Structure formats: structure tokens, C-alpha cells
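Summary of the model geometry
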Amino acid sequence: MFVTDLKCNHRKNPLGMDDIPYFSWKMESEQQNVMQTACRIQVYKEKRCLWDSEKTVTEKSTFIPYEGDALESCSRYRWIVTIWDNYGNQASEEAFFETAFLSHMDWKAKWVECRQKHKKKTPAVLFRKDFQVKKELISARAYATCHGIYRLSMNGERADAREFAPEYTVYEKCLYYQTYDVTPLLKPGKNTIGMYVGDGWYFSMMSKKKSRNFSDHYGILFQIELHYEDGTKETIISDENVKCKTGPVQYSDLYYGEIYDAREQVSNWDTPYCDDRTWKNVKIREFPLDNLKAQIMDPVRIYREFSVKKVIKTPKGENVLDFGQNFAGRVRINIHLPKDSVLEMEHSETLGTDGNYFNNIQGINQKDVFISDGNEISYEPLFTFHGFRYVRITGLQEIRAEDFTGIALTSEKADLGTFECSDAEINRLVENTLWSQKSNMFSIPTDCPQREKAGWTGDIGIYAKTALKNEDVTAFLTGWLNNLKLEQKEDGQIPPVVPFSDFYSMTSKLQPILMGGSPKTISSSGWADCCIDIPYDMYCMTENTDILRRQYPVMKKWLSYVEVQAKTKKGRESGVEKEQEQYLWNSGFHYGEWLIPSCCEENGSMSKENFASAREGKNYVAPIYFYTSSKKMAEIAKILGEKQDEEYYKSLSEKILEACQKSLITKEDRLRYERQGAYVLALKAGIIPTEKKQTFADRLAELIEKNGNKLDTGFLGTPYLLDALSENGYGNFAYTVLKQPERPGWMFEVRNGATTIWESWNCYGKDGKIQLMSMNHYAFGSVCDWIYRNISGIDFLEPGYRKIRISPKPYGDLTAANRTYQCEYGEIQSIWKIEDGVFTLEVKIPCNTTAVVELPDGRTESVGSGTYQFTSRRRKENE
Ligand code: BGC
């Protein structure tokens, strides 16, 4: 028996933390039915023990909070976990975590800024400082951040491969600093720290917030802690000795791209060989330091590199590179051009129907420009990224595919799952979803990587569960939810985009006018409710109580806001008595289901019909979400031991349920809003009384059938559409809808060559025209959650998969499926195939969990950890 995968705050050996640590590990064994019976955690700083939990009888192996003596800043702690199993085996393993600054008083560094004011097109700025390492070092750490985004180097070498530090946050309240182990980069004598700073989110028009007193200058802050072998320490800080100068990046924008003039390169700028006497002095600024926080999650890094699939000569004669995959990232070129020649790279997700280069993102030309100094160079834009598959190249006589490399970037997270089945199109759909996830987990969860790059709350709200099944997004989402907490308004409202910016405050004022409500209401149902949905999903998937505790005040405040809205503002079409109406949230501004296909068929999201459906949404989407959120809150309060709250939310949700039923269900046993999505949401939320569920599910199936077996649900309905069918006896029909080859349908995209998930099924319009919509939105990829739970049949019966259900469904013509999933306890696997009418299933259940296996012939088996095989006759009826 072994202890493996030790994690502290869900990261492996994290450097530079300032949160209270919590610990998790996994257990591996060759034996079956293995359970942890006890554990012991010891935490040491060198030889001093700060915490010894003693041997504790418990099965718990995840999210265990540190309960030892106070930790100190900038220190390394070893932690040792020892576990015992039910066979009397014992195993131990060791890992470490390192603290950064536990108080902002630890910062000795000063903010320094370049004197040039940031204007619309400002060149990026090089900052440098020389310093002495006086003795032999044991270790050295650099802590740094900036206003803008930066790359840090020591003596000419990048300190690590991270990109886009310091990440996108609500800067005036929380600005992350990064921790670097720079020990191997330093040497006795003169050393140099370099920081190259570009615009990033801090200066971008789309993400800027003037009211926050952002600085108008690029600025940096760093502190290097040197630990010498003789036990002494020394601190090097950013101060008046820092010098600055502009370099080759003439302009950098996260949306529009970068201009790199190689003639302006400054050789050796970040090494001791640079003479900086002609460089400019910096200005010291007294910014408060209490917004500084150690970065919670892993950074953005290169995820994959790929070569050009095809070089296309378009009918117009343009040279276009096709990377064969839509992704977020940029292009690296190896190039040798005559001095002063200009090379341009423009990025797009698609070609036009005429085969020419076509920019499908209105108003944004994602363009990088390179100007040569006559030397051979490998250039990759520093401070921008794009969403693209195709790149139009101008300024080159001859295109050699091998000179270009596609660089895919994403916030680093461990992959958790694999999926493959006998249907190649479903496999491609799953792969497309993974690509959309990678492309949109970029410092924050975004809607799309090419147009808005914005933290739309609703998108991640519906997608979080699928995300958690694909990658370990715990630390990533914890970071973003902290932003959400900081953005919550006094009255409890949550802005639709987090972090919120001037651009989105402006559009938020317009949206209520177009979609109902007053400009004071900026929080739509389904979008703002993500403040409850995401922590709840994180808990269900990983038994993460830490996140529930952190976010509990936000959830409470949000729900109180909705309660006040329901009580004080009346909608028009409630159909209920006054007494009940106070429990219906049917006023204000809502996005409704958003992008119901029949409402945005012709003109996309900006159509009158789409806005009308958003307005209609307040009558069924908002009340249903109010019910679901209050029900979840009762459960969350229970988990956290908040007894009074639990009672309160329970009784509140009962009253909302009654009001919803009265308002939404007609005497004829229909819903007042005859939309597929209304049926889906009502069935999933439990609005429909048990005895009437079948009638309503039949009606939903009928609506879909009448629509040619095609879905007509929007953002909020689609993730639950197939569940609403398969949970009510329409399993095979759900599969038919999944396999629908025409628009709107998932396979329509796959058959049209999609390599990511589209924002709208209409990206290729009816007449073959291309709509100006994003082709890389993960929202509709949330169907993978259904695929994993149904086709492979892996689901949890108890939070965190402590108890697992494996109930594979061999729908339609499927003959095989194989899924692995790393849950908190280890790998779950379900492999099944049908040969000569016989269904065989192999399952793998991790230690410290148990599982119930349900076979297609109706048999049920209970198993403990280990690997098991089953055979079954295949059930033929409509499952
Ligand atoms: C975004 C969406 C978002 C929506 C809300 C769009 O522009 O791309 O994904 O949720 O607006 O209206």
C-alpha cells in the first residue's frame, strides 16, 4: 500500500502561499476493498514540529486543514502523512509547501514606475537592477508583481516559463504576486534582475476600470530574499536604483496583438554586462500594499506546440496557414528576413465560404507585426494571445511551413480524464470540448479567447461541472471565485462579468434596457447564481468544504438580494395570489435561457427575437433559479453545520416551490411557457410534482420530436436537456438528440469540421453564410458531463466519489466505451464493449471508496476498491 499524489491546497509542493494550508493525498494498493482507517499528519520547519495530528481514526484523505502553530513568512515546511488501512498496512510519504509573505508588512520593496504615461499605443518597458550576491547561497526567492503583465529574468534567463503574470484579478483589492525559486540562476558577485512589462488586462480598454484609480504608468514591485550558507539573510528590493527603457515591443494589446521591432532589441539588458547609464530613472510610488496576495493557482503556460497542417493559397492569392485546430495561443516563427522588412500575421477561426481569409470576430483584427533587424530570429509574441486556427501571412515571398509553430497556451492544470467510444463523432465532440476548455481557462474562466476574453459568470456557471471532470480546476476556480467575492456589490448583486470593467459596466447599463429591468439591476438569473452553483459543484465533485466555507457569505448575500427583489418588485405575468407572489423572482433584467436557436437563427445574439426571449425568461428562468439556489443553500448550510440557516432556506425553498408550481403549471398539465428549455429546467429543478413528471417529460419529448428531433434550448437549458430526457425513460431518444446531424445539434458542428465548441449552432448560417459569432465557447460542451455519466456511466453517489455509481448505457448503435477519471481518491475506470450480443464491463474502483455497479440487464453489484469484470445481456427496450 502506498500514499501518493500529496497535495497542499490542491497543488503539488506549492511555492509562495499565504492561505492556510489544507492537505490531500491518494492511496494505492494491489489488494481489493482497501479503506483508510487512520491517518497522521506532521508538519515540520527544519527539525521543529509545528503540528502533529497524532494517529487519528478517519477515512478522510482530502481537504484536511492545517491545525498547527502559526506559520512564518518565507519558510519551507515539510509535511509527512502516514496512513493505515483495513489490512493493517501502514505507509508514509513526504511533501512540502512554502509560505510567502504572511503579512503585507513583510514587503520592504517599493513600487517603482516608468515616467512615461501609458497612452493608447505605448511600447512595453524593460526594467532592470543590478545587485550583489555577497556569499555562498543556500536558496534565493524572488517575489514580484507589476501593473501590466510581465516576464521576469535573472542574468539573462527567464525565471520560469509562466506567461501573463500577475494574472487577471480585481487589482485594487487583490493583486497577485508570483514566487520564483531563483537559486540556480544566481552566482556570487554581480547579478541582474530584469522585468519586461507590457499592457495585459491592466491597461486594456476592455478590462480596465478607471474608477479604481489604476495607475497610468507601467510599474513593478519585487523583493528578493537571499539565504546565505552561513545562516545570514539579505533582502534586495525594487527601489530608486531600478532603471528603465523601452525595448522591441512597440505596442502590445491582449485583443489586437503586438508590434515587435527587432531593430529596437537591447542586447544583454537583463545581464550584468549591460551599461544602463543612459537608461531612465524610475519614480517611486506609494501604493498601498494590502491588496497584494500570493497567487492561488498555477500560471498560464504553453500546453502544446504544433506544426502547420497546410499552407493555403486562397482564391484571392493570400498565404494562409492552417494549424488544423482552433485554439488560444500564438505563433512562433523562425525567420531570417532582410533588415526593415515587415511580416504580418492575422489570426482567425475560419476561412470564408469562398475559401479566402475571413475575420469572424467583428471589430477586432488579431494581428501581430514583426519588423526585422536583418538577423535570424525565433520570435513569438510576448504580451498577447489570440483565438484562431488560420493565420494570414503578409510580407513573405516564400512560406515554409516548418518555420511556423502553433503555441497553445492555458492556465496549467492536471488532466483528469480520458474518454473514447465506438462513435468517432462523439469522440471528436469530446475532444472539441477539451480544446474549448483549454482555450477558455486563461487566467480566468472566459467566454471566448478571441472576442471578449471575459469572465462571464453564466458560462462557467453551467460549465464548471464538466470542467471538473476534465481537469483539476480546483485551485483555478478558487482564485476566480475570490474575484467574484471581491466584485459583489453592497446589495448582494454579482456583476455578469468578473472581474468587471468599464466596458462591461457600460454594456450592463444598456442590457437592462434591451432585456427588461432597470439599469440598477445588473445581475441576471443563471449568471449570478453561479456564485452558488460553482462552489456546490466543486463540493459534489471533490468534497471540497473549504470552498463552501470561503464563499458562504457571498452566497447568502446574493440570495438575500434575490429575496428582496422577489418581495418588493412584482413581475407582470405571475398568475398567482399576492401572498405567493413574494416568492416569485420575476422582475428585473435577465438573459433568459440565452441563445435559444429559434430566437437567434437569423441575426445571432443581437437579434430582436433573442432579446425578446431574454425578457420572457424572467417569467420562468428566474423563478426556477431562485428555487434551485435556495434549495442548494439549505444543503450547503447543512454541510457547514449552519442549523438555523438550513431551516430557513428549507422553508424558503418550499414556499418558492409552491409559488413556482402555481405560476408555471397550467390546469392542462402543461407549462405556461411552451419552450423546450422551460420543460428541461422545471423537470431538472424538481418543480414538477413526482406523479406528473412523466407527463411533462412526454411533452418535452413531443416538443423535440415536432422540431425534427432537434433541440431548441439556450445556454441554461442545454446542459440539462439530455438528463431531462434520460432520467424520464427517454434514454435512447436523448442519444438521438445528441447524434442529430443537422443544425441545431452537436454533430452538425462536428460534421462541419468544428475543432472546438461554437457559441451558436448558427456559426455557419442557413444559407452557408458565416455568422459573426465565436467558434470557441465551452458552454454547449457541458453535454460531456452527460456523456461521461451515461455512456460510461460514472457518477458519484456520495460527494467526492467516496461512493461511486457505474451504470453504463449502451445507447443506440454504440458498441464500446472507455473512460478514466481521476477523482480525489484515485482513478475510476469503466470499459465496456458489446461482442456477439454480450455486454462485458471492466471497472476499476480506487482505494478508500466503494461502488455500486448497475448492469444493462438490471443486475446490481456492490464492490469495494479493485478491478472487476462483469458480463450482461444487453437490454433492448428504450432505456
Ligand atoms: C458572451 C456570452 C455571455 C453572454 C451574455 C456574450 O457576449 O460571449 O458567452 O454569457 O454574452 O449575454
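Here's a quick rundown of the structure. Only a predicted model underlies this, so the values are computations on that prediction, with no experimental measurement involved. (Residues numbered from 1 in each chain as written. Predicted model: local features only at pLDDT ≥ 70, side-chain atom pairs only at ≥ 80, totals over all residues. Heavy atoms only, no water.)

The next point concerns the overall build of the chain. What the chain contains, in helices and strands, is 17 helices and 44 strands. Taken against the 2.2 N^0.38 rule, which gives 29 Å for 879 residues, the C-alpha radius of gyration of the chain at 28 Å falls within 12% of a compact globule. Each of the three principal axes of the chain carries a C-alpha extent, and together these read 85 × 75 × 65 Å. Residues classed as buried in the chain amount to 65% of the 879 residues present. Here the analysis covers contacts within the chain between residues at least 6 apart in sequence; of these, 73% occur between residues at least 24 apart. (Helix = DSSP H or I, 4+ residues; strand = E, 2+ residues; numbered from the N terminus. Rg over C-alpha atoms; globule rule 2.2 N^0.38 Å. Buried < 20%, exposed > 50% of the residue type's maximum accessible area, 1.4 Å probe, protein only. Contact = heavy atoms within 4.5 Å.)

Bringing the site of the ligand into the picture now. Around the ligand sit D447, R451, E452, W456, D459, W527, Y591, W594, F715, E759 and H777, and those are all the residues in its vicinity. One of the side-chain nitrogen or oxygen atoms of H777 is found 2.9 Å away from an oxygen atom of the ligand. Contact with the protein chains hides 93% of the accessible area of the ligand, taken as 310 Å² for the molecule alone. Across the shell around the ligand, the residue classes tally to 5 nonpolar, 1 polar and 5 charged. (Near = heavy atom within 4 Å. Polar contact = N/O pair within 3.5 Å; in protein donor to acceptor, adjacent residues only side chain to side chain. Areas by Shrake-Rupley, 256 points an atom, 1.4 Å probe, with all protein chains shown as cover. Nonpolar A, V, L, I, M, F, W, Y, C, P; charged D, E, K, R; others polar.)

Let's shift gears to the packing of helix α14 (residues 718–726) against helix α17 (residues 783–790). The geometry of α14 relative to α17 is characterised by a closest axis approach of 7 Å and an angle of 35 degrees between their N-to-C directions. Residues L722, D723 and S726 of α14 touch α17, and the partners they reach there are V783, W786, R789 and N790. Among the residues making up the contact of α14 with α17, the classes are represented as 3 nonpolar, 2 polar and 2 charged. (Axes fitted to C-alpha atoms, helices over the stretch in contact; angles between N-to-C directions.)

Turning our eyes to something else, we now look at the packing of aromatic side chains. Enumeration over the complete set of coordinates arrives at 57 aromatic pairs. Centre to centre, the rings of W786 and Y811 are 5.7 Å apart; their planes meet at 5 degrees, and the pair counts as stacked. Residue W786 is found in helix α17, and its partner Y811 is found in the loop between β38 (803–806) and β39 (816–823); the two are separated by 25 residues along the sequence. Of the two residues examined, W786 and Y811, each falls in the buried class. Lying across the ring of W279, R128 places its NZ or CZ 5.8 Å from the centre. For R819, the ring lying beneath its charged end belongs to Y788, and the centroid distance is 3.7 Å. (Phe/Tyr/Trp six-rings, centres within 6.5 Å; stacked < 30°, edge-to-face > 60°. Lys NZ or Arg CZ within 6 Å of the ring centre and 35° of its normal.)

Before going further, it helps to examine the state of the cysteines. A disulfide bridge is the covalent bond that connects two cysteines by way of their sulfur atoms. Enumeration according to the criterion identifies 0 disulfides in this entry. Unpaired in terms of disulfides, C784 finds its nearest cysteine sulfur in C421, a separation of 11 Å. Residue classification places C784 among the buried positions, given a relative accessible area of 0%. (Disulfide = S-S within 2.5 Å.)

What follows concerns the nonpolar core. With 261 residues, the main nonpolar core has F127, M154, F404, I426, L738, I787 and I791 as its most contacted residues. Sorting elements by how many residues they give to this core places helix α10 (residues 608–639) first, with 13 residues. One finds L6, M17, M27 and Y66 within the second-largest nonpolar core, a separate group that totals 24 residues. (Core = buried A, V, L, I, M, F, W, Y, C linked by side-chain atoms within 4.5 Å.)

We now examine helix α15 (residues 731–739). Most of α15 sits out of view: 7 of its 9 residues are buried. Taken together, the buried positions of α15 are occupied by G731, F733, A734, Y735, V737, L738 and K739. Those residues of α15 that are buried are in contact with α2 (424–440), α13 (693–706), α14, α16 (746–751) and α17.

Among all residues save glycine, negative phi is the norm, and among peptide bonds the norm is trans. Cis geometry is found at the peptide bond from V498 to P499, where omega equals -5 degrees. Take P499: it is sitting in the loop between α4 (474–487) and α5 (502–515). Here E54, not a glycine, exhibits a phi torsion of approximately 60 degrees, which is positive. Tracing the sequence through the fold places E54 in the loop between β4 (48–52) and β5 (56–57).

Next up on the list: a nonpolar patch on the surface. The grouping of L510, I513 and L514 at the surface amounts to a nonpolar patch, some 290 Å² of accessible area in total. Inspection of the secondary structure puts I513 in helix α5. (Patch = residues over 30% accessible without salt bridge, like charges linked within 9 Å, V, L, I, M, F, W, Y side chains within 5 Å. Salt bridge = Lys/Arg side-chain N within 4 Å of Asp/Glu carboxyl O.)

Turning our attention to the sheet that holds strand β6 (residues 64–65). Spatial strand order, β1-β2-β6: 3 strands in an open sheet with antiparallel pairing. Here the strands that pair on one side only, and so sit at the sheet edges, are β1 (2–8) and β6. The pairing of strand β2 (residues 22–28) with β6 spans 2 bridges and is classified as antiparallel. Across the sheet, the residue bridging to F23 is I64, located in β6. (Pairing = 2+ DSSP bridges.)

With that out of the way, let us pick up the pairing of strand β40 (residues 826–835). Moving residue by residue along a regular strand, the side chains alternate between the two faces of the sheet. Both β39 and β40 contribute to a ladder of 8 bridges, which runs antiparallel. The residue bridging A817 from the neighbouring strand is W832, located in β40. Taken together, β39 and the strand that follows it, β40, pair antiparallel across an intervening segment of 2 residues. In terms of strand pairing, β40 meets strand β41 (residues 838–845) through 7 bridges, oriented antiparallel. Its bridge partner lying in β41, Q829 is registered against K844. Here β40 hands over to β41 after 2 residues, with D836 in that stretch at a positive phi of 50 degrees.

With that out of the way, let us pick up the side chain of T82. Its location among the elements puts T82 in strand β7 (residues 76–85). The class of T82 is buried, set by a relative accessible area of 7%. A distance of 2.9 Å separates polar atoms of two side chains, one belonging to T82 and the other to S92. Beyond its immediate sequence surroundings of up to four residues, T82 is in contact with A38, C39, R40, Q42, Q90, A91 and S92.

Strand order across the open sheet formed by 4 strands is β37-β38-β42-β43, with mixed pairing between neighbours. Edge positions in the open sheet fall to β37 (794–798) and β43 (860–863), since each of these has one partner strand only. Here the strands of the sheet are splayed against their neighbours by 25 degrees on average, with no regard to which way each runs. In this structure, strand β42 (residues 850–854) lies alongside β43, joined through 4 bridges in antiparallel fashion.

So, about the pattern of salt bridges. Taken as a whole and judged by the stated rule, the model has 70 salt bridges. Across the pair R675 and E616 runs a salt bridge, and its minimum N-O distance is 2.6 Å. With R675 in the loop between α11 (643–664) and α12 (676–685) and E616 in helix α10, the pair connects residues that are 59 residues apart, well separated along the chain. Owing to a relative accessible area of 23%, E616 belongs among the partly exposed residues under this scheme. Each of R151, R158, E163, E305, R330, R332 and E380 takes part in salt bridges that share partners, so that together they form one network.

So, on to α5. In this model α5 runs 20 Å from its N-terminal to its C-terminal C-alpha over 14 residues, within 8% of the 20 Å that 1.5 Å per residue would give. Contact partners of the buried residues in α5: α10. Of the residues trailing α5, G516 is marked for its positive phi of about 100 degrees. (Expected span 1.5 Å × (residues − 1).)

Position of E163 among the secondary structure elements: in the loop between β13 (157–158) and β14 (175–181). Reaching out from E163, the side chain makes a polar contact with the side chain of R151 at a distance of 3.2 Å.

A few words on the environment of N375. Relative to the assigned elements, N375 resides in the loop between β30 (366–371) and β31 (376–379). Relative accessible area serves as the criterion here: at 45%, N375 is assigned to the partly exposed category. Counting along the chain gives 236 residues from N375 to S139, while the straight-line C-alpha distance between them is 38 Å. Once residues within four sequence positions are removed from consideration, N375 is found in contact with I335, H336 and L337.

Right, let's talk about the packing of α2 against α15 for a bit. Contact geometry of α2 with α15 gives a least axis separation of 11 Å together with a crossing angle of 70 degrees. Accordingly, the angle class assigned to the pair α2 and α15 is roughly perpendicular. Every residue of α15 that contacts α2 at E425, I426 and L429 is listed here: Y735, L738 and K739. Partitioning the contact of α2 with α15 into residue classes produces 4 nonpolar, no polar and 2 charged. (Parallel < 35°, antiparallel > 145°, perpendicular 65-115°, else oblique.)

Moving on, we get to the environment of S524. Along the chain, S524 turns up in the loop between α5 and α6 (530–542). Judged by relative accessible area, which is 1%, S524 ranks as buried. It is 4.3 Å that separates the C-alpha atoms of S524 and H590, two residues lying 66 residues apart in sequence. Beyond its immediate stretch of four places on either side in the chain, S524 contacts D529, W585, F589, H590 and Y591.

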